[in-house]
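Observations on the model geometry
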Amino acid sequence: MSIDTRVKSDAVVFGDWEIDIPIGDGSHGRTVVYRLKRIRGGQTEYSALKAIPLTEEYGIWEELPTKQQNSYGEMLFKKTTSAKSEIAAMEELRGHPNVVRYLDHTFIDWNHEGCFGRDLYIQMELLKDLRREITDRGGLSENEIIKIGCDICKALIHCHSKGIIHRDIKPDNIFCDGEGNFKLGDFGISKILEDPVHGYAGTGVGTFAYLPAEQLKCRYNKLVDIYSLGLVLYELSNNNRLP
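None of these values were measured; they are calculated from a predicted model.

1. So, the overall build of the chain
- Tallying secondary structure elements over the chain gives 6 helices and 13 strands in all.
- C-alpha extents for the chain along the principal axes are approximately 60 × 50 × 30 Å.
- Here the chain holds 243 residues, and 41% of them are scored as buried.
- For the chain, the proportion of contacts with a sequence separation of at least 24, taken over those separated by at least 6, is 57%.
- For the chain, the accessible surface area stands at approximately 13,000 Å², while carbon and sulfur atoms represent 51% of it.

What follows is the structure, given as structure tokens:
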């Protein structure tokens, strides 16, 4: 049972928000994004739902050996704790005009025809991604590219002031609102910077084309975000071609 099928089966989430239409996916198709809608006072409101599968196991829970149940419980705890890092980052940054606004979240435990698991649903403001915005505009002017750079720099200043490095700055994680403001989103691999001076030692995750060498070597600090943003601006200024 795919994450897409599970989302569609829920119909209504976060109280009175209805599952509307799919608007994107990520993480090699494992994560899906849907538009949500609700009607209040005769007005239709929209938001976005990001659905992330945390675990998926096969078998009937009641028939699993105790050792296997315990092992699953440990894995579930670890993955849930890890997933909360994205939520914590979005809560910490909530309210900044250049960061995608987090609204709510919930964990969904499911059990269906011999498999079971847990999904994370995150509700966010509904925005247009940068690549779609470029298509709709028929390209970007120099001033518009400068605007993107300034807006995302403001977002990064705020992130870094909170000790958060994003680690995956790329066009797919930049969004635009209806007023022409650009916002940074998708904090799925963000990290609280353990040592602001010497940096963070850990896995070099991110999107390869936008990574600096030190991030690949797993020893880096907040400057990796500046490097990646520089590559994004180069790409936008060079007919969508990277170096």
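2. Some remarks on the packing of aromatic side chains
- A full pass over the atoms with the stated rule returns 3 aromatic pairs.
- Residues Trp61 and Tyr72 carry aromatic rings whose centres are separated by 5.7 Å and whose planes lie at 65 degrees to one another, so their mutual orientation is edge-to-face. Here the residue Trp61 occupies a position in the loop between β4 (43-58) and α2 (66-93), and Tyr72 occupies one in helix α2, the gap between them amounting to 11 residues.
- An angle of 80 degrees between the planes, with centres 5.0 Å apart, marks the rings of Tyr72 and Phe116 as edge-to-face. Pair noted here: Tyr72 is in helix α2 and Phe116 is in strand β6 (residues 115-124), with a separation of 44 residues, a long-range link. The pair Tyr72 / Phe116 is uniform in exposure class, with both members buried.

3. Describing the nonpolar core
- Of all hydrophobic cores here, the largest spans 36 residues; its most connected members are Ile122, Ile152, Leu184, Phe187 and Leu236.
- Listed by contribution, the elements that provide at least two residues to this core are β4, α2, β6, α3 (130-137), α4 (142-161), β9 (174-176), β10 (182-184) and α6 (223-237).
- At 6 residues, the largest contribution of residues to this core is made by α4.
- Apart from the residues within four sequence positions on either side, Leu236 is in contact with Leu130, Ile134, Leu140, Ile145 and Ile148.
- Grouped together as the second largest cluster of nonpolar side chains are 12 residues, Ile3, Trp17, Ala51 and Tyr121 included.

4. Thoughts on the packing of α4 against α6
- At a closest axis distance of 11 Å, the pairing of α4 and α6 adopts a crossing angle of 170 degrees. The orientation of α4 with respect to α6, classified from their angle, is roughly antiparallel. Between α4, through Ile145, Ile148, Gly149, Ile152, Cys153, Leu156 and His160, and α6, the contact on the second element is made entirely by Asp225, Ile226, Leu229, Leu233, Leu236 and Ser237.
- Here the contact of α4 with α6 is built from residues that sort into 9 nonpolar, 3 polar and 1 charged.

5. Section: helix α1 (residues 3-10)
- Taken as a whole, α1 has its buried residues at Ile3, Arg6 and Val7. The arc that holds every buried residue of α1, seen down its axis, measures 100 degrees, which confines them to one face. Opposite the buried face of α1, by more than 90 degrees, sit the exposed residues Lys8 and Ser9.
- Note on α1: the residue one or two positions beyond its end, Ala11, has a positive phi of about 65 degrees.

6. Some remarks on the pairing of strand β5 (residues 102-112)
- The pairing of β5 with β6 spans 10 bridges and is classified as antiparallel. Within β6, the position partnered with Thr106 by the bridge is Tyr121.
- In this structure, the hairpin formed by β5 and β6 is closed by a connection of 2 residues, where Glu113 is found at a positive phi of approximately 45 degrees.

7. Structural notes on α4
- Taking 1.5 Å per residue, 20 residues should reach 28 Å; α4 reaches 29 Å between its end C-alpha atoms and fits that length.
- By the burial criterion, the buried members of α4 are Ile145, Ile148, Gly149, Asp151, Ile152, Ala155, Leu156, His158, Cys159 and His160.
- Looking at the buried side of α4, the elements it contacts are α2, α3, β8 (164-165), β9, β10 and α6.
- Just downstream of α4, Gly163 is the residue with a positive phi angle, here 80 degrees.

The rules we used
Residues numbered from 1 in each chain as written. Predicted model: local features only at pLDDT ≥ 70, side-chain atom pairs only at ≥ 80, totals over all residues. Heavy atoms only, no water. Helix = DSSP H or I, 4+ residues; strand = E, 2+ residues; numbered from the N terminus. Buried < 20%, exposed > 50% of the residue type's maximum accessible area, 1.4 Å probe, protein only. Contact = heavy atoms within 4.5 Å. Areas by Shrake-Rupley, 256 points an atom, 1.4 Å probe, with all protein chains shown as cover. Phe/Tyr/Trp six-rings, centres within 6.5 Å; stacked < 30°, edge-to-face > 60°. Core = buried A, V, L, I, M, F, W, Y, C linked by side-chain atoms within 4.5 Å. Axes fitted to C-alpha atoms, helices over the stretch in contact; angles between N-to-C directions. Parallel < 35°, antiparallel > 145°, perpendicular 65-115°, else oblique. Nonpolar A, V, L, I, M, F, W, Y, C, P; charged D, E, K, R; others polar. Arc of directions from axis to C-beta. Pairing = 2+ DSSP bridges. Expected span 1.5 Å × (residues − 1).

Note that every value here comes from positions in space, so none of it alone points to a role or purpose.
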